[in-house]
Amino acid sequence: MGLLDAILGRSKPVRPDLDQLFAVPSAALTLQAATGFTPTARGSVCFAGVEGGGFARLQEDVRELLDADTERGGVPVEFSRDAYGYTWLLATHPADDTAGLVNDLHAVNTMLQDGGFGPHLLCSLIGFRDAEGRALALVYLYKRGTFYPFAPLPGDTEKRDNQLELQVRGALGDDLRVEKDLSRWFPVWGAPGL
């Protein structure tokens, strides 16, 4: 970053550090001890859809890689499109395999990034639930290299449990790189894996 950039208030964007995802399994243990939330073994990757053969081939490569274990009882990945036109890939693992889920999400992010589609990646999400059935997600912001908690309130209302989100931020501050700017804690209503 040069002097002119500093004067004009421009900052250099944070380079995504996909290896931050590997901190989630240990953070899940901290989260369970502090709040009672356990992993659902469901996670997803959200990206802006791209038209064209190259992207379609890459999507099929991702499906082929992640579905390689379906013959041994693995759950096939699912692709869906939300109301905003974003594409979601949902991966599901056995309940005790958070590390395997994180590996799959990391592989998807890496394949998209290495395929030249990194700018289209938006976030990755890992789902959690507590004994009362409340949902929580740890959301990884690809372009910021940070996490934030997202806790929708039960029901069809699009309202969040802000108190729980702040509690989770406090509990995981030593385990994950938590996004400091609360205005970047975007809601992901109806996200697969939540």
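So, here is what we can say about the structure in this document. Note that the structure is predicted; figures quoted are calculated from it, not measured.

### A closer look at the pattern of salt bridges
Then, in step 1: Evaluation of the coordinates by the stated rule reveals seven salt bridges.
Then, in step 2: In this structure, Asp161 engages Arg134 in a salt bridge whose closest nitrogen and oxygen atoms are separated by 3.7 Å. Of the two residues, Asp161 is situated in the loop between β6 (146–150) and α5 (162–172) and Arg134 in the loop between β4 (121–129) and β5 (135–141); the sequence distance between them amounts to 27 residues.
Then, in step 3: Of the charged contacts in the structure, one is a salt bridge between Arg144 and Glu179, with a shortest N-O distance of 2.8 Å. Taken together, the positions of Arg144 in the loop between β5 and β6 and Glu179 in the segment after α5 put the pair 35 residues apart, joining distant regions of the chain.
Then, in step 4: Note on Glu179: relative accessible area 3%, which makes it buried.

### Brief notes about the pairing of β5
Then, in step 1: Buried residues dominate β5, accounting for seven of its seven residues.
Then, in step 2: Of the two faces of β5, the one lined by Ala135, Ala137, Val139 and Leu141 and the one lined by Leu136, Leu138 and Tyr140 are each fully buried.
Then, in step 3: Pairing between β4 and β5: seven bridges, direction antiparallel. Following the sheet pairing, Gly127 is matched in β5 by Ala137.
Then, in step 4: In sequence, β4 turns back onto β5 through a hairpin of five residues, with Gly133 there showing a positive phi of about 90 degrees.
Then, in step 5: As paired elements, β5 and β6 share five bridges and run antiparallel to each other. Looking at β6, one finds that Leu141 is bridged to Thr146.
Then, in step 6: The turn joining β5 and β6, which pair antiparallel and follow one another in sequence, is formed by four residues; a positive phi near 70 degrees is taken by Gly145.

Procedures and definitions
Residues numbered from 1 in each chain as written. Predicted model: local features only at pLDDT ≥ 70, side-chain atom pairs only at ≥ 80, totals over all residues. Heavy atoms only, no water. Salt bridge = Lys/Arg side-chain N within 4 Å of Asp/Glu carboxyl O. Helix = DSSP H or I, 4+ residues; strand = E, 2+ residues; numbered from the N terminus. Buried < 20%, exposed > 50% of the residue type's maximum accessible area, 1.4 Å probe, protein only. Pairing = 2+ DSSP bridges.

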